[in-house]
Amino acid sequence: MNLEQVRQTRRARDLFFSGESIVSQWVPEPITRSWERSRRLGLSASDKRLFDMAAPGERRIATERGERLIRYAMPEMTRLYKAFHTQDWVLACLDVSGFVICSIGDAEGPCRELESLFRNGVSLSESAIGTGAPGCALVEQKPFIVHANEHFLDEIHGYSCAAVPLFDVNGDLIGVLNATCRSGRDLSSVCEALRVAARAIENHMLLDLPGALHVSLHYHPDLLRTPLAAVLAFSEHGQLLGGNQIARKLLGHTRSATEFDHMFDLPFARAVDELSGRNAEPIVTDTPAGIRVHLSLARHADDVMRVGKALLPPPSGKRSSHASSDMFCSDPALPTPWSRRCTPRPSCSKNSRPP
């Protein structure tokens, strides 16, 4: 956000709070919508809400309620935090209600004043602090960047944040992934990194569905073994158990599409048979909408064993070397969500300092 944009946003805020019309080019429409929602919620720009501390009971409840999401989010957050060249960032995962459930930051770094903001149990929802990337991402259910004085509260103008929504295997919103730093940085690349991390988190949840056959698909075969692949999970009889957001966007399927045979121009049994070979190549099929896609098993060896004798012969020999699960950024060397080996201190760690 350059100096001229800051000035335009300041003029837009003056017009907004005086009840006049805003020049549409000065502030993005989603920001204006959030300002309007914040005002309807009874918030004032001068309110001091940012550093309200969460009570110990609230922190415990938030952590317990978000335990499953924490388990999937923390490894990807740890990976992303280590990729930052500086330590003046704070990464946080919030639940669907906007409560912080875990975060990573340097307690002794430049953003140490954000420590209290990102404690477990603190609400960063739009109803709590007005316009901010986490709250907007929850409301709009899309990636969001909020710079400096685009925030509704005056006390947040020194920071910028980016957030992306997280969805479960059924496509339901379950939280957001957020990155916050001091204002003055271009967050577009950070937002894209958050998108990739969010995809990996959603894929991990999908790949953990018990008894499921996971199928990767894409119209570009080179993307089948990357976090950019669409992934669907099916039962051994071809019933749809879940999918990631990329699959929902690529296929446009809804909850009414519940069987493999209704989603592709290829019988489920035949698809599994063709993909079951140890060196099987992706197969090509069409969707009812006329989209030609490439299919492969997302985690070949594990899935072949899960389908059972009804469709596949029992596997023989050792697991092939290409059957690892690293196509979705899984890294066995990464610390678990409760690990104390990580240099950044996760706020959801069991050995976190008391407030």
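Preceding this paragraph is the structure being described.
Structure report, in brief. (Residues numbered from 1 in each chain as written. Predicted model: local features only at pLDDT ≥ 70, side-chain atom pairs only at ≥ 80, totals over all residues. Heavy atoms only, no water.)

**Observations concerning unusual backbone geometry**
Move 1: At Gln 141, a residue that is not glycine, the phi angle is positive and equals roughly 55°.
Move 2: Turning to its location among the elements, Gln 141 is positioned in the loop between helix H6 (133-140) and strand S3 (144-146).
Move 3: The backbone phi angle of Ala 148 is positive, close to 35°, even though this residue is not glycine.
Move 4: Judged by its relative accessible area of 11%, Ala 148 is buried. (Helix = DSSP H or I, 4+ residues; strand = E, 2+ residues; numbered from the N terminus. Buried < 20%, exposed > 50% of the residue type's maximum accessible area, 1.4 Å probe, protein only.)

**Quick word on the nonpolar core**
Move 1: Core analysis: the biggest nonpolar cluster contains 37 residues, and Met 77, Leu 91, Cys 93, Leu 177, Leu 194 and Ile 201 have the highest contact counts within it.
Move 2: Looking at this core, the elements that each hand over two or more residues are helix H4 (67-83), strand S1 (89-95), strand S2 (100-105), strand S4 (159-167), strand S5 (173-182), helix H7 (188-207) and strand S7 (230-234).
Move 3: It is H7 that contributes the most residues to this core, 9 residues altogether.
Move 4: Discounting chain neighbours no more than four positions away, the residues touching Met 77 are Leu 91, Ala 92, Cys 93, Cys 102, Ser 103, Ile 104 and Leu 177.
Move 5: Leu 114, Ala 137, Leu 138 and Ala 163 belong to the second-largest nonpolar core, a separate cluster that totals 33 residues. (Core = buried A, V, L, I, M, F, W, Y, C linked by side-chain atoms within 4.5 Å. Contact = heavy atoms within 4.5 Å.)

**Quick word on the pattern of salt bridges**
Move 1: Inspection of the entire model under this criterion finds 12 salt bridges.
Move 2: When the shortest N-O distance is used, the salt bridge between Glu 29 and Arg 33 registers 3.5 Å. Linking Glu 29 with Arg 33, this pair stays in helix H2 (residues 29-40), spanning 4 residues, or about one helical turn.
Move 3: With a relative accessible area of 29%, Arg 33 lands in the partly exposed category.
Move 4: Across the salt bridge formed by Arg 79 and Glu 76, the nearest N and O atoms sit 3.6 Å from each other. Taken together, the residues Arg 79 and Glu 76, both in helix H4 and 3 residues apart, mark about one turn of the helix.
Move 5: Note on Arg 79: relative accessible area 30%, which makes it partly exposed.
Move 6: Note on Glu 76: relative accessible area 4%, which makes it buried.
Move 7: Each member of the salt-bridge network shares a partner with another, and the members are Glu 29, Arg 33, Arg 37, Glu 126 and Glu 140. (Salt bridge = Lys/Arg side-chain N within 4 Å of Asp/Glu carboxyl O.)

**Examining H4**
Working note: α-helix, 3.6 residues per turn, so residues spaced by three or four point in the same direction.
Move 1: Given a rise of 1.5 Å per residue, 17 residues ought to cover 24 Å, and the 25 Å separating the end C-alpha atoms of H4 matches this to within 8%.
Move 2: Its axis deflected by about 35° at Ala 73, H4 carries its strongest bend there, up to four residues before the proline Pro 75. (Expected span 1.5 Å × (residues − 1). Bend = angle between axes of the 7 residues up to and from the residue.)

**Quick look at the packing of H4 against H7**
Move 1: Where H4 contacts H7, the two axes come as close as 9 Å, and the packing angle between them is 140°. In terms of axis orientation, H4 runs oblique to H7. Here H4 and H7 pass one another in a crossing that is right-handed. Counted together, Arg 68, Leu 69, Tyr 72, Ala 73, Glu 76 and Leu 80 of H4 and Ala 193, Leu 194, Ala 197, Ala 200, Ile 201, His 204 and Met 205 of H7 form the full contact between these two elements.
Move 2: Tallied by class, residues from the contact of H4 with H7 come to 10 nonpolar, 1 polar and 2 charged. (Axes fitted to C-alpha atoms, helices over the stretch in contact; angles between N-to-C directions. Parallel < 35°, antiparallel > 145°, perpendicular 65-115°, else oblique. Left-handed = near helix turned anticlockwise from the far one by under 90°. Nonpolar A, V, L, I, M, F, W, Y, C, P; charged D, E, K, R; others polar.)

**Considering the packing of aromatic side chains**
Two measures describe an aromatic ring pair: the distance that separates the ring centres and the angle between the ring planes.
Move 1: Across all of its chains, the model carries 9 aromatic pairs by this definition.
Move 2: Ring centres of Phe 234 and Phe 260 lie 5.2 Å apart, and the angle between their planes is 70°; this geometry places the pair in the edge-to-face category. With Phe 234 in strand S7 and Phe 260 in helix H9 (residues 260-263), the pair connects residues that are 26 residues apart, well separated along the chain. By the burial criterion, Phe 234 is buried, and Phe 260 matches it.
Move 3: Through a chain of ring-to-ring contacts, the aromatic side chains of Phe 16, Phe 17, Trp 35 and Phe 152 assemble into a single cluster. (Phe/Tyr/Trp six-rings, centres within 6.5 Å; stacked < 30°, edge-to-face > 60°.)

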